[in-house]
Amino acid sequence: MIGEAAKLLARSRFAIAFTGAGISAESGVPTFRGFNGLWKMHRPEELATPEAFRKDPHLVWSFYKWRMDLIRKARPNRAHYALAELERMGILKAVITQNVDDLHREAGSRNVVELHGNIFRVRCTSCSYRENLKESGRLDEFLKERDLPKCPRCGSLLRPDVVWFGEPLPRKSLEEAFRLAERADLVLVIGTSGVVYPAAYVPQIVKETGGKVIEINPEESGITPIADVFIRGKAGEVMGELLELVRGLANE
Ligand code: OAD
Ligand code: ZN
């Protein structure tokens, strides 16, 4: 299975990756579905909505600050690094991710399309103010603050710059993702349940336009029925091995 995947990848002309929460699981970032832990009382899906934010912005902000703090301490794992290396080798052309954790870029991937936003960015609920707290160096201060965060420009409430349930995806990112999917002759689908749309159209578009679908996941997912190769396993372990095999083939 993995040998077949390596051959397809080494022979591909325009490969892309489509990733979900599972690729960051080995970095210690909890996934969404099958999630239980600190937030047993509140399902993330129930906190990640505009309604929840209107009703109880304190609760939603405490959830996001908890995730920001957890994610800032997380480091990329072998799967993120393998994708960055495949890009440097000229094999992988882009990573389309549903994750908001920034770990692809931190691992060195350059062409990253974020479909669901970025947890380190905040934006104003009234004006066009946006800030990346990691880049502005305000993250520590922001996480310590107990009051609700306010826009420095207009004083309105700030919100996380992520996509919530029921909200449209950032148009440019979605268009870019679909364009890449149409061009791709292979997609590596890693660590996603593949049930959240429109993101989950990405591997379907690749398939419909004649491309190969390689999936890596310890469990079957919504994508598995269209996968040409399904590799059962953890992203970090499988991608480490896959990268070695592709390197071997590239040097032949
Ligand atoms: P999910 O939590 O739905 O799915 C995680 C997937 O990762 C599952 O299929 C697991 O089997 C798999 N998995 C777990 N550990 C893994 C490992 N070590 N290696 C590889 N795979 C592993 O996460 P997503 O599919 O990303 O949306 O969820 C999609 C969207 O739903 C998220 O972006 C978020 C969420 O609600 C928004 O917030 C809009
Ligand atoms: Zn504002």
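Quick caveat: nothing in here was measured; it's all calculated off a predicted structure.

Caption draft 1: Main features of the environment of A184. Looking at the secondary structure, you find A184 in the loop between helix 9 (171–183) and strand 7 (186–190). Overall, A184 belongs to the buried group, its relative accessible area being 3%. Expressed as a C-alpha distance, the spacing of A184 and A15, which sit 169 residues apart in the sequence, is 5.5 Å. Apart from the residues lying within four places of it in its own chain, the contact partners of A184 are F14, I16, V206 and G211.

Caption draft 2: Region of interest: the coordination of the zinc ion (ligand 2). Looking at the zinc ion (ligand 2), the protein donor atoms are C124 (SG), C127 (SG), C151 (SG) and C154 (SG), and they sit 2.2 to 2.3 Å from it. Coordination at the zinc ion (ligand 2) is tetrahedral, judged from the four donor atoms that bind it and the angles of 100 to 118° they form at the metal. Read in sequence order, the donor residues coordinating the zinc ion (ligand 2) give the pattern C-x2-C-x23-C-x2-C. One end of the pair, C124, is in strand 4 (residues 117–124); the other, C154, is in the loop between helix 8 (139–144) and strand 6 (158–162), and 30 residues separate them in sequence.

Caption draft 3: Representation of the packing of helix 1 (residues 2–11) against helix 11 (residues 235–250). One can describe the packing of helix 1 onto helix 11 by two numbers: an axis separation of 9 Å at closest approach and a directional angle of 55°. Classified by the angle between their axes, helix 1 and helix 11 sit oblique to one another. Our pair here, helix 1 against helix 11, has a crossing hand that is right-handed. Along the contact surface, helix 1 presents I2, G3, A5, A6, K7, L9 and A10, while helix 11 presents V238, E241, L242, L245, V246 and L249.

Caption draft 4: The sheet that holds strand 8 (residues 212–217), seen in detail. The strand order 3-2-1-7-8-9 describes an open sheet built from six strands, whose pairing is parallel. Every interior strand has two partners, whereas the edge strands, strand 3 (112–114) and strand 9 (229–232), have only one. When strand polarity is set aside, the average angle formed by the axes of neighbouring strands in this sheet is 15°. Sheet topology places strand 2 (residues 92–97) next to strand 3; three bridges connect them, and they run parallel. Looking at strand 3, one finds that I96 is bridged to V113.

Caption draft 5: Structural context of the pairing of strand 8. Counting buried positions over the six residues of strand 8 gives five, a clear majority of the element. Pairing of strand 7 with strand 8, which is carried by five bridges, proceeds in the parallel orientation. When the bridges of strand 8 are listed, V187 appears paired with V213. Sheet analysis places strand 8 next to strand 9, joined by four bridges and oriented parallel. Paired with I214 across the strands is V229, a residue of strand 9.

Criteria and cut-off values
- Residues numbered from 1 in each chain as written.
- Chains lettered and ligands numbered in written order.
- Predicted model: local features only at pLDDT ≥ 70, side-chain atom pairs only at ≥ 80, totals over all residues.
- Heavy atoms only, no water.
- Helix = DSSP H or I, 4+ residues; strand = E, 2+ residues; numbered from the N terminus.
- Buried < 20%, exposed > 50% of the residue type's maximum accessible area, 1.4 Å probe, protein only.
- Contact = heavy atoms within 4.5 Å.
- Donors = N, O, S within 2.8 Å, 3.2 Å for Na, K, Ca; no water.
- Tetrahedral: all angles 85-135°; square planar, octahedral: opposite > 155°, others 65-115°.
- Axes fitted to C-alpha atoms, helices over the stretch in contact; angles between N-to-C directions.
- Parallel < 35°, antiparallel > 145°, perpendicular 65-115°, else oblique.
- Left-handed = near helix turned anticlockwise from the far one by under 90°.
- Pairing = 2+ DSSP bridges.

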